[in-house]
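# Geometric and topological summary
Now for the letters of each chain:
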Amino acid sequence: MIRISNLSVNLPGFSLKDIDLHVEPGQFFVLLGPTGAGKTLILESIAGLLPVDSGQIQVHGRDVTNLPPEKRGIGIVYQNSALFPHLNVRANIEFGLRYGKGDSKESRQRFDMLVGTLGLKRLLARSPLHLSGGEQQRVALARALVVDPRILLLDEPLSALDPNFREEIRDILKHLHQETGIAILMVTHDFGEARFLGQQITVIHQGRLQQTGTADEIFRRPTAPFVARFVGMHNIYAAEFVGPMARLGANTLRLESPVSPGSGHVAFRPEDVALFNGSMNSDYREDEEGNTLSGSVIALQHQGVFSDVRIQSEDLQIRAITPTSRVVQMNLSPGEPIQCRITPQNLHVMV
Amino acid sequence: MRLSRPDPFIGLAAACSILILAFILLPLVEMITQPTMGEMTATLQDSDVRRAVGLSLGTAATAGVIALLLGTPFAYLLARRNFPGKKLVESAVDLPIMIPHPVIGIALLSLAGKNHWIGRAMGEAGIRLMGTYTGIVAVMLFVGLPFFINAAKAGFEAVPERMEKVGRSLGASPAGAFFRITLPLTWRSMVVGVIMCMARAISEFGAIVIVAYHPMVAPVMIYERFTAFGLKYSQPVAVWLILVCLLLFVLLRLFARPAKEIR
């Protein structure tokens, strides 16, 4: 379908290196990364709007690396919709119909289908300058899809929208994808969006791909410290592995299964840290499976139902997210001694 | 801005502003109001005057159109592309603003003379600058180009490149994207650019008088009448030139009415 191999782009102050991507037909593929990670550049290279220094882009088995954008059949929708302000909504959507496959009966049907699905019927005569952000983005989607592209590229299509529109467009995207069966490659910095929409996710950082997998795989089994931090793991430490044990400075944790000796990283989620102190002896049993670290509370922040607790254990700083009711029950306050338990199943090993 | 007690600093700034406005407007108003109605009609009936004002407008319009045709692609490149030496190229475009006007006339003549191969080639093609319509247009184009190019470039820069990119992804060629997206959004800037170019061209005297004393454009005629017959005799011509120009520019400005907001 879309296959990108060894793509490299060098710009002043920024570069993409050895990007390999493969989007299956009809797949919703998400590139996930922080702002400035080079996501827009990848999309523009794929669309032919940016010259590439090396690598190859194939669409349906055809090498399009050296084709101009208008010959590629790749649609793109930007964050700010980039509607043409001098044309009304109908003329915006019909802009591409005079090229390529042209203005056929088929394209008219697609026009009607998109206008219906995206709820644009009563907006057709309006100027894009008088549309809300969500309406603009719906028009931009129709404009890109009416020419029946082989793949649709979405550049942070939800980021510029108000939260309520964001949800609406997100649902529309999912619906459109199911309806049209088109392959979509979307970039975003929002893990929630990626998780909701993406059938396959690739995490990108500093112009390099970090990890590719399903949302669950990325969320549960990050393979690089950056990915772990990005999906909210927060507790990430350099570790030395010795058999089934990981040495984190002065602390030692038991792993679920032995790892080949060497160094790497260990990570766990703040919500997987269970907290205990003297007052809770009743439901704390020493013999229970788990790693127990002793330390003291250094900071405590109530955030409604949950509380964010920072703990210092030897040379490790640990972040725990715990129900506020439990924090109150334990009568926690800064300076108090505390014990943290992390089960080996919740420890993620990255080598 | 509402100030209960004017700050001395703001007061000083306002005083300077009023002084400058008076300095600009008083002489003009004085000049326009001095000739009597009779003098004005008499001047208008003078065919030499009509010919000179007409020549000024005609040559300036020719220069404006050439600037539009040749300058638009150049301005587009400057707005859209980065290349080594771009700053130098931009400074070169502004050079005609800095160069003393008689120097411009002399420079153009030295290129168009028999001592230069370009001048000889032009001569063989029957193109002469000295004392011709062509010469006047050449001078006007030289001094007016920076104004057109800078206005058009600012217009192109105001259109987000992403709009053209979207157009390309929808199937438009670079030319298609330019004519269907960029141009409809920038033609007002270009009209403004042509107006500024023409205004600058009509006002040119120093370079034109060197290249072509005859045929006589309005500023040269005003100068001639001033030196030969004095202030009183040159004023009505000057007023007619100003009125015709003002009318033209007001019309063009109206034509290029409110620029739509570009997002």
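All residue numbers here refer to positions counted from 1 along the written sequence of the relevant chain. As a convention, the first chain written is A and the first ligand written is 1, with the rest following in written order. Reporting in this predicted model follows two pLDDT cut-offs: at least 70 for local features of residues, and 80 or more for side-chain atom pairs to be given and counted; totals over whole chains, interfaces and linings ignore these cut-offs and use all residues.

Quick look at the nonpolar core now. The nonpolar core criterion groups buried Ala, Val, Leu, Ile, Met, Phe, Trp, Tyr and Cys residues into a set whenever they are joined through C-beta atoms within 7 Å. Three exposure classes are used, based on other C-beta atoms lying within 10 Å of a residue's own C-beta, which is placed from the backbone: buried for 20 or more, exposed for 12 or fewer, and partly exposed in between. Core analysis: the biggest nonpolar cluster contains 154 residues, and Ala142(A), Leu153(A) and Val139(B) have the highest contact counts within it. Of all the elements, helix H7 (residues 133–157) of chain B adds the most residues to this core, at 15 residues. Residues lining this core come from more than one domain, with at least three contributed by each of domain 1 (2–225) and domain 2 (234–351) of chain A. By the convention adopted here, residues make contact when the C-beta atoms placed from their backbones lie within 7 Å. Ignoring sequence-local partners within four residues, the contact set of Val139(B) consists of Ile104(B), Gly105(B), Leu108(B), Glu204(B), Ala207(B), Ile208(B) and Val211(B). Numbering of helices and strands starts at the N terminus; helices are DSSP runs of H or I of at least 4 residues and strands are runs of E of at least 2. All domain edges in this entry derive from an automatic or database-based domain assignment.

The strands making up a sheet associate through hydrogen bonds between their backbones, and the pairing can be parallel or antiparallel. Residues and elements named next belong to chain A. The criterion for strand pairing is that DSSP finds at least two bridges linking the strands in question. Taken in spatial order, the 4 strands make up an open sheet running E2-E1-E4-E5, and their pairing is antiparallel. Taken across any chain shown, the strands that pair with only one partner, and hence form the sheet edges, are strand E2 (14–23) and strand E5 (62–63). Bridge analysis of strand E1 (residues 2–11) against strand E4 (residues 54–59) gives 5 bridges, and the strand direction is antiparallel. Note that in E4 the partner of Ile-2 across the bridge is Val-59. Relative to the sheet, helix H1 (residues 39–47) contacts E1, E2 and E4, its axis offset from that of E1 by approximately 115°. Lines fitted to C-alpha atoms define the axes here, with helix axes fitted over just the stretch in contact, and angles between the N-to-C directions of these axes take values from 0 to 180 degrees.

With that out of the way, let us pick up helix H1 (residues 8–33) of chain B. Residues and elements named next belong to chain B. Take the residue count of a helix, subtract one, and multiply by 1.5 Å to get its expected span. Between its first and last C-alpha atoms H1 spans 36 Å; for 26 residues at 1.5 Å apiece the expected length is 38 Å, and the two agree. Along its length, H1 reaches its greatest deviation from straightness, about 30°, at Leu-25, and the proline Pro-27 lies no more than four positions downstream. The element H1 is barely covered by neighbouring structure, given that only 0 of its 26 residues are classed as buried. Fitting axes to the seven residues that end at a residue and to the seven that start at it, the angle between those axes gives the bend at that residue.

On to the confidence of the model for chain A, then. Values of pLDDT, the confidence the predictor places in each residue, fall between 0 and 100. Averaged over every residue, the pLDDT of chain A is 89; the share at 70 or more is 97%. Averaged pLDDT values over the elements of chain A bottom out at 87 in E2(A) and peak at 96 in helix H2 (residues 89–94) of chain A.

The subject of this paragraph is the domain arrangement of chain A. Residue and element names in this part refer to chain A. Taken domain by domain, chain A consists of domain 1 (2–225) and domain 2 (234–351). One C-alpha centre belongs to domain 1, the other to domain 2; they are set 41 Å apart. Each partner contributes to the interface: domain 1 provides 5 residues, whereas domain 2 provides 4 residues. Just so you know the grouping, Ala, Val, Leu, Ile, Met, Phe, Trp, Tyr, Cys and Pro go in nonpolar, Asp, Glu, Lys and Arg go in charged, and all remaining residues, Gly too, go in polar. In the side of domain 1 that touches domain 2, the residues fall into 3 nonpolar, 1 polar and 1 charged.

Residues and elements named next belong to chain A. Reading across from one edge, E13-E12-E11-E14-E20 is the order of the 5 strands in this open sheet, with antiparallel pairing throughout. On the outer flanks of this sheet lie strand E13 (251–254) and strand E20 (348–350), each paired with one strand and no other. Direction aside, the axes of adjacent strands within the sheet are offset by 40° on average. Bridge analysis of strand E11 (residues 235–242) against strand E12 (residues 245–248) gives 3 bridges, and the strand direction is antiparallel. If you follow Glu-240 over to E12, its bridge partner there is Arg-247.

As a further point, take the pairing of E2(A). All names here are of chain A. Two strands pair when backbone bridges link them, and E1 and E2 are joined in this way by 7 bridges, in the antiparallel orientation. Residue Leu-7 lies in a different strand from E2, and its bridge partner there is Ile-19. Once E1 ends, the chain turns through 2 residues before running back antiparallel as E2, passing Gly-13 with a positive phi of about 80°.

A few words on helix H12 (residues 231–255) of chain B. Its 25 residues place the ends of H12(B) 36 Å apart at the C-alpha level, agreeing with the 36 Å of an ideal helix rising 1.5 Å per residue. If you check which residues of H12(B) are buried, you get Gln235(B), Pro236(B), Val237(B), Ala238(B), Trp240(B), Leu241(B) and Cys245(B).

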